[in-house]
Amino acid sequence: MRITLWGTRGSRGGGSETYRYGSHTSCVEVAGSDGTTLVLDAGSGLRRLGDAATGSWDRVDLLLSHLHVDHVEGLAAFLPGLDADVEVSVRGPATATSHFSTRIARYLSPPLFPVRLRDLRRVHLADATSEPFRIGCFTVRAEFVIHAGPTVGFRIDDDAGPSLAYLPDHEPALGAERFPMHPTWTSGFALADGVDVLIHDAQLTAAEYAVRRGTGHCAIDDALVFAELSGVRRLVTFHHDHDDAELDRIHHDARHAHPWSFELVPGRAGATLEVA
């Protein structure tokens, strides 16, 4: 499994002060053992992925964690630019009253989007469900997690063995008197349990979380504890909202705060991780 980070920021993009960690919002490419490729979220990083892969697409499988703008803004530039013969599958969360196709169509239509979804004839939409589904060599499962609005995390298992959990917007400690709680009561645990790589929201410092509790995002301290609880091998921090210098300091402090059982990897746009 090869994982490439095309966009690692959340809520808003960055500028020159975020050059090393990246200025684009959420987008991750996952390549499997048989060549199958998945794209996780469609933030502005999707445009970078599309530019890098120009002319090489025959099928695109997109998995959207939720429909906040920083996770779908790349679609407006990406989908219309694909060749007419490229098959596109897009899955995302439904609600109790609306299928994903209805929800995404409200965004992918004028005046917010230059064309209507029904005019993109080779784009297929489906709900991301808790029942496992297959895409090439991957078994994929979605599960609702704690964030503002309907939001899912994904677990992706490659037939060859490697596994990945993707929880870019997640507040696992919300409502907990102490964290961690028992795994049974911890949002997202079933997705992250024992994976080789966990990509997880680490947007806030502990001080910021104290005043922004309930906004749907995670303190890096809680992301570290969640990774330890889940028994992951590698934690990749994600959904950054600080400049490069501050992120360097945050990760330095996090790495030395405790003898963690996993490898801590700061999520940097353009980075590639190989999982044997």
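Below or above, wherever it landed, is the structure these notes cover.

Scoring rules and cut-offs
Residues numbered from 1 in each chain as written. Predicted model: local features only at pLDDT ≥ 70, side-chain atom pairs only at ≥ 80, totals over all residues. Heavy atoms only, no water. Helix = DSSP H or I, 4+ residues; strand = E, 2+ residues; numbered from the N terminus. Rg over C-alpha atoms; globule rule 2.2 N^0.38 Å. Buried < 20%, exposed > 50% of the residue type's maximum accessible area, 1.4 Å probe, protein only. Contact = heavy atoms within 4.5 Å. Areas by Shrake-Rupley, 256 points an atom, 1.4 Å probe, with all protein chains shown as cover. Salt bridge = Lys/Arg side-chain N within 4 Å of Asp/Glu carboxyl O. Pairing = 2+ DSSP bridges. Axes fitted to C-alpha atoms, helices over the stretch in contact; angles between N-to-C directions. Phe/Tyr/Trp six-rings, centres within 6.5 Å; stacked < 30°, edge-to-face > 60°. Arc of directions from axis to C-beta.

**With respect to the overall build of the protein**
Across its full length, the protein holds eight helices and 14 strands. Scaling as 2.2 N^0.38, a compact globule of 276 residues should have a C-alpha radius of gyration of about 19 Å, and the protein matches this with 18 Å. Each principal axis of the C-alpha atoms in the protein carries an extent, and together these give about 50 × 40 × 40 Å. Out of the 276 residues belonging to the protein, those deemed buried represent 54%. Taking contacts inside the protein between residues at least 6 apart in sequence as the whole, the part at least 24 apart equals 67%. Surface accessibility of the protein: about 11,900 Å² in total, with carbon and sulfur atoms responsible for 50%.

**What about the pattern of salt bridges?**
In total, this model carries 12 salt bridges according to the counting rule given. The closest approach of N and O atoms between aspartate 196 and arginine 233, which form a salt bridge, is 3.3 Å. Of this pair, aspartate 196 sits in the loop between helix H5 (189-192) and strand E11 (197-201) while arginine 233 sits in the loop between helix H7 (220-230) and strand E12 (234-238), placing them 37 residues apart in sequence. When its relative accessible area of 11% is taken as the criterion, aspartate 196 is described as buried. The exposure class assigned to arginine 233 is exposed, which follows from its relative accessible area of 61%. A salt bridge links glutamate 246 to arginine 249, with the shortest nitrogen-to-oxygen separation between them at 2.7 Å.

**Details of the environment of alanine 192**
Its place among the elements puts alanine 192 in helix H5. Using a relative accessible area of 0% as the deciding quantity, one classes alanine 192 as buried. For alanine 192 and phenylalanine 138, which are 54 residues apart along the polypeptide, the C-alpha to C-alpha distance reads 16 Å. Leaving out residues up to four positions away in the same chain, alanine 192 has contacts with Arg155, Ala165, Leu198, Phe226, Ser230 and Val232.

**A short note on the sheet that holds strand E3 (residues 37-40)**
In spatial order, the strands read E6-E5-E4-E3-E2-E1-E14; together these seven strands make up an open sheet with mixed pairing. Two strands close off the open sheet at either side, each with one partner strand: strand E6 (123-127) and strand E14 (272-274). Direction aside, the axes of adjacent strands within the sheet are offset by 20 degrees on average. Sheet topology places strand E5 (residues 87-92) next to E6; five bridges connect them, and they run parallel. Pairing of serine 89 across the sheet is with histidine 124, part of E6.

**Considering the packing of aromatic side chains**
Under the definition given, this model contains two aromatic pairs. Ring centres of tyrosine 166 and phenylalanine 238 lie 5.8 Å apart, and the angle between their planes is 75 degrees; on these two criteria the pair is classed as edge-to-face. A residue pair is termed long-range when its members are at least 10 positions apart, and tyrosine 166 in strand E10 (residues 163-167) and phenylalanine 238 in strand E12 qualify at 72 residues. Residue classification places phenylalanine 238 among the buried positions, given a relative accessible area of 0%.

**So, helix H1 (residues 45-52)**
The complete set of buried residues in H1 reads Gly45, Leu46, Leu49 and Gly50. Considered in projection along H1, the buried side chains sweep an arc of 145 degrees and stay on one side of the axis.

**Thoughts on the pairing of strand E4 (residues 59-63)**
The buried fraction of E4 is high, at four of five residues. Relative to E4, E3 is paired through three bridges, and the arrangement is parallel. Bridge pairing in E4 links leucine 40 to leucine 63. The pairing of E4 with E5 spans five bridges and is parallel. Its bridge partner being in E5, aspartate 61 is matched across the sheet by serine 89.

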